[in-house]
Amino acid sequence: MQSRRNASLFTRFASATARCSGRPVTFVLAFLVIVVWGVTGPLFHYSDTWQLVINTGTTIVTFLMVFLIQNTQNRDAEAVQVKLDELIRATRGAHNALLNLEELEDRDIERIRVRYQRLAEEARAALRSDGGGDTDTPEASGDGAAADGGRRQD
């Protein structure tokens, strides 16, 4: 695995930029730039050039930040997915069919989500009716088979 120090220049730059852009001091600096721009309005007679400076500057910064932040978010989301996949894989009784769930078609994800919603509703109903626990591991599919069609890999 690559350490952050050995990561590509773009990866390190994107991460550092995303970290810095989310800090209060960065917000204050951006706010001060807007205040200075606004205060200089009378000096430049609110000219078209004066307006163009802020419009162009903010457009360029926004355009570039979208790509940098998206890059960082993509990497973070992928890392979280791998960590969740490892927890599923390592947990006895978990359904390996849920590994890489994000790669399935929307209709398949919806079918699985509905089944898990039904399991949650059944568990809440059981808690209300008899105060029983909800820590069992019922099968994720509606027919008693594992969510992967019974192809559980332990």
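Residues numbered from 1 in each chain as written. Predicted model: local features only at pLDDT ≥ 70, side-chain atom pairs only at ≥ 80, totals over all residues. Heavy atoms only, no water.

Comments concerning the confidence of the model for the chain
Selection criterion: For every residue, the predictor assigns a confidence score, pLDDT, that lies between 0 and 100. Helix and strand assignments come from DSSP, with helices taken as H or I runs of at least 4 residues and strands as E runs of at least 2, each series counted from the N terminus. The contact rule is simple, with two residues in contact once any of their heavy atoms fall within 4.5 Å.
Chain-level statistics for the chain give a pLDDT mean of 84 and a share of 82% at 70 or above. For the chain, helix 1 (residues 9-21) is the element with the lowest average pLDDT, namely 87, and helix 2 (residues 24-39) is the one with the highest, namely 95. Between residues 142-154, whose pLDDT stays under 50, and residues either more than four places distant or in other chains, the model counts 20 contacts.

Some words on unusual backbone geometry
The phi torsion of most residues other than glycine is negative, and most of the peptide bonds are trans. A positive phi angle, near 55 degrees, is found at H45, a position not held by glycine. Along the chain, the position of H45 falls in the loop between helix 2 and helix 3 (48-90).

Some thoughts on the packing of aromatic side chains
Here is the rule: Classification of ring pairs uses Phe, Tyr and Trp, with its six-membered ring standing for Trp, and accepts pairs whose centres are within 6.5 Å; under 30 degrees between planes counts as stacked, over 60 as edge-to-face, and the remaining range as tilted.
Under the defined criterion, the tally for this structure stands at 4 aromatic pairs. A ring pair is formed by F27 and F31, whose centres lie 6.4 Å apart and whose planes are at 20 degrees; its orientation type is stacked. Highlighted residues: F27 and F31, both in helix 2, separated by 4 residues, approximately one helical turn. Residues F63 and F67 carry aromatic rings whose centres are separated by 5.1 Å and whose planes lie at 75 degrees to one another, so their mutual orientation is edge-to-face.

Points about the pattern of salt bridges
As a reminder, the rule being used: By convention in these notes, a salt bridge is any Lys or Arg side-chain nitrogen within 4 Å of a carboxyl oxygen on Asp or Glu. Each residue is placed in one exposure class: buried if its accessible area under a 1.4 Å probe, protein chains only, is under 20% of its type's maximum, exposed if it is over 50%, and partly exposed if it falls in between.
On inspection of all chains with the given rule, the structure shows 3 salt bridges. Between R89 and E86 there is a salt bridge, and its shortest N-O distance comes to 2.6 Å. Of this pair, R89 and E86 both sit in helix 3, 3 residues apart, which is roughly one turn of the helix. A residue is classified by how much of its surface remains accessible, and R89, at 49% relative accessible area, is partly exposed. Note that E110 is salt-bridged to R113, the shortest N-O span being 2.7 Å. Of this pair, E110 and R113 both sit in helix 4 (residues 106-130), 3 residues apart, which is roughly one turn of the helix. Note on E110: relative accessible area 36%, which makes it partly exposed.

Comments concerning the packing of helix 2 against helix 3
Formally: Whenever a helix is involved, its axis is fitted only over the stretch in contact; in every case the axis is a line through C-alpha atoms, and angles between N-to-C directions fall within 0 to 180 degrees. Every angle not falling under 35 degrees, over 145, or within 65 to 115 is termed oblique; those three ranges are roughly parallel, roughly antiparallel and roughly perpendicular. The classification used treats Ala, Val, Leu, Ile, Met, Phe, Trp, Tyr, Cys and Pro as nonpolar, Asp, Glu, Lys and Arg as charged, and all other residues, Gly among them, as polar.
Two elements in contact, helix 2 and helix 3, have axes separated by 11 Å at closest approach and are oriented at 170 degrees. With respect to each other, helix 2 and helix 3 are oriented roughly antiparallel. Here I34, W37 and G38 of helix 2 lie close against helix 3, whose contacting residues are W50, Q51 and I54. Considered class by class, the residues forming the contact of helix 2 with helix 3 number 4 nonpolar, 2 polar and no charged.

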